[in-house]
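Each chain is listed here by its residues.
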Amino acid sequence: MSPATLASIHALSASTLSDLDMAGTAVFAISGALVAAKARQNIVTFAFFAAMTGVGGGTLRDLLIGAPVFWMHATAPLAVCLGIALLVWFTPHRYWHERAIDWFDGLGLASYAVYGAAKAIAYGIPWLPAAIMGVVTACMGGIIRDVLAGLPSIVIRPELYVTAAALAAGLYVGLTGMGVQPILAGAVAVVLGFALRGHAILHKVDLPAYRR
């Protein structure tokens, strides 16, 4: 394969992974705005919930890996969050499925887990901390949302949540470590991570609790 072809593949992979970051930001923002809607909050609270949920995980990720905080150097992430807050605000509640928060959160979870791991690897983080960083990136937005809303945190509920993020991040790290192209590894990891979270939502699958 020629150097030009390799460069094109890497550029496409970087672009696709960047799209994953924006997708994760957007769907987490939707879940934050929907929590505000469920609590019958005002438009300012909608915007705050959407922004904090959308960029919270990525902010912690960038601080931990020593990267510039992404939303401080680009307009798009916050603009997307605020636009989504307005969209949810003007959409009648009846158009949102009862479990829409869980589904949007699940999609954000898988997307952000993969992108968090990918960005950590790009900054020279070893494979195991990179996978953990994917989990942290994915879960922090939901934690912030639940704390703001005064809800029990999603990460301490019994159903599979952190496990789905770990599957997505671990698959991405493992597949790219075996030489799989990042674009393919990312697609497989997002689909399987979201599938596991979706299965848990539909069937309320739990990890076994401590019983001693």
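Residues numbered from 1 in each chain as written. Predicted model: local features only at pLDDT ≥ 70, side-chain atom pairs only at ≥ 80, totals over all residues. Heavy atoms only, no water.

Participant: Summarise the UniProt feature "domain: Glycine transporter" (unreviewed entry) in the chain; cite the residues concerned and give the values.
Facilitator: Listed under "domain: Glycine transporter" (unreviewed entry) in the UniProt record, and renumbered for this structure, are residues 20-91 and 103-175. The straight-line gap between the two end C-alpha atoms of residues 20-91 is 25 Å; of that span, 79% is helix and 0% is strand. Annotated as residues 103-175, this span is 78% helix and 0% strand, and its ends, taken at the C-alpha atoms, are 26 Å apart. (UniProt positions renumbered as here; feature names shortened; annotations may be inferred. Helix = DSSP H or I, 4+ residues; strand = E, 2+ residues; numbered from the N terminus.)

Participant: Give a detailed account of the nonpolar core, specifying residues and quantitative values.
Facilitator: Grouped together as the largest cluster of nonpolar side chains are 52 residues, with contacts concentrated most on Leu34, Phe46, Val88, Leu109, Val114, Ala165 and Tyr172. If you list the elements that add at least two residues to this core, you get helix 1 (3-38), helix 2 (43-65), helix 3 (76-90), helix 4 (100-122), helix 5 (127-149), helix 6 (162-177) and helix 7 (182-203). With eleven residues, helix 4 is the largest single contributor of residues to this core. Residue contacts for leucine 34: discarding those within four places in its chain leaves Val88, Trp96, Ala100, Ile101 and Phe104. (Core = buried A, V, L, I, M, F, W, Y, C linked by side-chain atoms within 4.5 Å. Buried < 20%, exposed > 50% of the residue type's maximum accessible area, 1.4 Å probe, protein only. Contact = heavy atoms within 4.5 Å.)

Participant: Account for helix 6, naming residues and giving values.
Facilitator: Between the first and last C-alpha of helix 6 there are 22 Å, a value that for 16 residues agrees with the 22 Å anticipated at 1.5 Å per step. Among the residues of helix 6, Ala164, Ala165, Ala168, Ala169, Tyr172, Val173 and Leu175 are the ones counted as buried. Just downstream of helix 6 lies glycine 179, where phi reads positive at about 100 degrees. (Expected span 1.5 Å × (residues − 1).)

Participant: Quick rundown of a nonpolar patch on the surface? Include the residues and the values.
Facilitator: On the surface, Leu167, Ile183, Leu184, Val188, Val191 and Leu192 cluster together into a nonpolar patch covering about 450 Å² of accessible area. Top element by residues in the nonpolar patch is helix 7. It accounts for five residues. For leucine 192, a relative accessible area of 41% gives the class partly exposed. (Patch = residues over 30% accessible without salt bridge, like charges linked within 9 Å, V, L, I, M, F, W, Y side chains within 5 Å. Areas by Shrake-Rupley, 256 points an atom, 1.4 Å probe, with all protein chains shown as cover. Salt bridge = Lys/Arg side-chain N within 4 Å of Asp/Glu carboxyl O.)

Participant: Could you give me a rundown of the pattern of salt bridges, with the residues and numbers involved?
Facilitator: Tallied over the entire structure, the rule returns five salt bridges. Close ionic contact of arginine 145 with aspartate 105 constitutes a salt bridge, the shortest N to O distance being 2.8 Å. Taken together, the residues span a long stretch of sequence, with arginine 145 in helix 5 and aspartate 105 in helix 4 at a distance of 40 residues. Across the pair, exposure class does not vary: arginine 145 and aspartate 105 are buried alike. With a shortest N-O distance of 3.2 Å, arginine 145 and aspartate 146 are connected by a salt bridge. Like arginine 145, the residue aspartate 146 is buried in the burial classification. In the salt-bridge network here, residues are joined through shared partners; they are Arg61, Asp62 and Lys119.

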